[in-house]
Amino acid sequence: MMLLSATAAAADISALELSTLEIIRRLVCAMLVGGIIGAEREWAHRPAGMRTDMMVCIGACAVMITSQQIFAQYNVYGATPDPARLSAQVIAGVGFLGAGTIMHEGLTVRGLTTAASLWVVACLGTSVGGGYYAVALVATACVFATLTIFRSLQKRLLGRHNSSYIFHTKCTDISDYMAFVNGAAERRHVLVRNVNVKYKKADGIYLVDFNADFFGRDSSGHRAEFIEELCGSECAEEVHYEGISNEIGK
């Protein structure tokens, strides 16, 4: 009985030892998975493009393969290394790369979708590295659909309620004025971005331009209230605004 158990255990361990062809297959699959998602991010002009996503996915896949090989190599000597430990560190550690794609634009934050896609790509790389091709390929299709089809659906369902305006204003105290704009935006659920400030030293006046995005079914009411509050402010000397086309979901 003990001999049969030892033989079965040896067979299980040998099954974890990957051939060169299987390693190549997994790495190429990881490259394709990362390339599919990265191509969409590249097309959307996001900070992390195709090559970045491909490298993340390939790296995660290589780490997972290495984990399995370490387990197969040292288990025969009685050691019990955890084959999931290295991959867990990849998923946790990729956060620093995602954080680099998150940027402040004025009073808002952008790049969260790209940061999430990098994390997903790392997860998909570990799936491919573990040999779970079906999980990786189906998940890749779901992610790609989320970034493309559902972005269009989001625009179609919510676009009629969304609007974006660009404001051209003048003020003499930039700190008080931006604090006022920030407070008004929070009260009216407005996203302020692309803030551009120029100082005219001769006149002692700051020229402040920014975009304001209004979302949701109450966006028209919030827009009217925000404009009224901005125009009635003592912080601003002049307020001009105009509607522009708005894109969401990137």
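Structural data are supplied above this passage.
The structure presented is a predicted model; accordingly, all values stated were derived computationally and were not measured. In this convention, every chain numbers its residues from 1, walking through the sequence in written order. pLDDT decides what is reported in this predicted model: residues at 70 or higher carry local features, side-chain atom pairs at 80 or more are listed and counted, and totals for whole chains, interfaces and linings draw on all residues regardless. Excluding hydrogens and water, the side-chain values take into account all heavy atoms of the structure.

A. Region of interest: the overall build of the protein chain. Every helix listed is a DSSP run of H or I at least four residues long, and every strand listed is a run of E at least two residues long, numbered separately from the N terminus. Counting secondary structure elements, the protein chain contains 10 helices and 6 strands. Where accessible areas are quoted, they stem from the Shrake-Rupley method and a 1.4 Å probe; at the residue level, only the protein chains shown are allowed to cover. As displayed, the protein chain offers around 14,300 Å² of accessible surface, 61% of which is attributable to carbon and sulfur atoms.

B. Representation of the environment of Ala116 in the model. Tracing the sequence through the fold places Ala116 in helix H6 (residues 112-129). C-alpha separation for the pair Ala116 and Gly95, spaced 21 residues apart in sequence, amounts to 9.0 Å.

C. Layout of the nonpolar core. The term nonpolar core refers to a set of buried residues drawn from Ala, Val, Leu, Ile, Met, Phe, Trp, Tyr and Cys, joined through side-chain atoms within 4.5 Å. For the exposure calls, accessible area comes from a 1.4 Å probe over protein chains only, and a residue counts as buried if that area is under 20% of its type's maximum, exposed if over 50%, partly exposed in between. With 20 residues, the main nonpolar core has Phe167, Tyr177, Phe210, Phe226 and Leu230 as its most contacted residues. For this core, the elements supplying multiple residues, two or more each, are strand E3 (163-171), helix H9 (174-187), strand E4 (190-200), strand E5 (205-214), helix H10 (219-231) and strand E6 (236-244). Tallying contributions element by element places H9 first for this core, with 6 residues. When checking whether two residues touch, look at their non-hydrogen atoms; a contact exists if any pair is within 4.5 Å. Those residues in contact with Phe226, other than ones at most four positions away along the chain, are Phe167, Val181, Ala184, Ala185, Arg188, Val190, Phe210, Ala212 and Phe214. With 19 residues, the next largest nonpolar core counts Cys61, Ile65, Leu118 and Ala136 among its residues.

D. View of the environment of Cys171. Relative to the elements of secondary structure, Cys171 occurs in strand E3. Setting aside residues up to four positions removed in sequence, Cys171 forms contacts with Tyr177, Ile205, Tyr206, Val208, Cys235 and Ala236.

E. The arrangement of unusual backbone geometry in detail. A positive phi angle, close to 55 degrees, is found at His189, a residue other than glycine. Phi at Asn194 is positive, roughly 55 degrees, even though this residue is not glycine. With respect to the helices, strands and loops of the structure, Asn194 is situated in strand E4. Take Asn194: its relative accessible area is 35%, and that puts it in the partly exposed class.

F. Structural context of a nonpolar patch on the surface. A surface patch of nonpolar side chains, about 520 Å² in accessible area, is lined by Ile70, Tyr74, Val76, Tyr77 and Leu86. Among the structural elements, Val76 can be located in the loop between helix H3 (50-75) and helix H4 (85-93). When its relative accessible area of 54% is taken as the criterion, Val76 is described as exposed. Residues enter patches when their relative accessible area tops 30% and they take part in no salt bridge; the joining distance is 9 Å for like charges and 5 Å for the nonpolar side chains Val, Leu, Ile, Met, Phe, Trp and Tyr. A side-chain nitrogen of Lys or Arg and a carboxyl oxygen of Asp or Glu constitute a salt bridge if their distance falls within 4 Å.

G. Inspection of the side chain of Ser117 at higher detail. Summarising the element assignment, Ser117 is placed in helix H6. Residue class for Ser117 comes out buried when judged on its relative accessible area of 4%. Distance and chemistry together define a polar contact, namely a pair of N or O atoms within 3.5 Å, with one atom able to donate a hydrogen and the other to accept it when in protein, and with adjacent residues in sequence counting only for side-chain atoms on both sides. Looking at Ser117, its side chain comes within polar contact range of the main-chain oxygen of Thr114, at 2.6 Å. In this structure Ser117 touches Ile37, Arg41 and Asp53, once residues within four positions along its chain are discounted.

H. Looking closely at H6. For H6, built from 18 residues, the straight-helix expectation of 26 Å at 1.5 Å per residue is met to within 8% by its first-to-last C-alpha distance of 26 Å. With 13 of 18 residues buried, H6 is to be regarded as a mostly interior element. The positive-phi residue at the C-terminal boundary of H6 is Gly131, with phi of around 90 degrees. The span one expects for a helix is its residue count, reduced by one, times 1.5 Å.

I. Up close: the packing of helix H2 (residues 20-43) against H6. What counts as an axis is a line fitted to C-alpha atoms, over the stretch in contact for a helix, and the angles between N-to-C directions run from 0 to 180 degrees. As a packed pair, H2 and H6 sit with axes 9 Å apart at the nearest point and diverge in direction by 165 degrees. By the criterion of interaxial angle, the relationship of H2 to H6 is roughly antiparallel. Where H2 crosses over H6, the handedness of that crossing is right-handed. When H2 is examined against H6, the residues Arg26, Cys29, Ala30, Val33, Gly34, Ile37 and Arg41 are found in contact with a partner set consisting of Thr113, Thr114, Ser117, Val121, Leu124, Val128 and Gly129. When the residues that make up the contact of H2 with H6 are grouped by side-chain class, the tally is 7 nonpolar, 5 polar and 2 charged. Relative orientations are named as follows: roughly parallel for angles under 35 degrees, roughly antiparallel for angles over 145 degrees, roughly perpendicular for angles from 65 to 115 degrees, and oblique for any other angle. Less than a right angle of anticlockwise turn of the near helix away from the far helix marks a crossing as left-handed, whereas a clockwise turn marks it as right-handed. For this classification, the nonpolar set comprises Ala, Val, Leu, Ile, Met, Phe, Trp, Tyr, Cys and Pro, the charged set comprises Asp, Glu, Lys and Arg, and every other residue, Gly included, is treated as polar.

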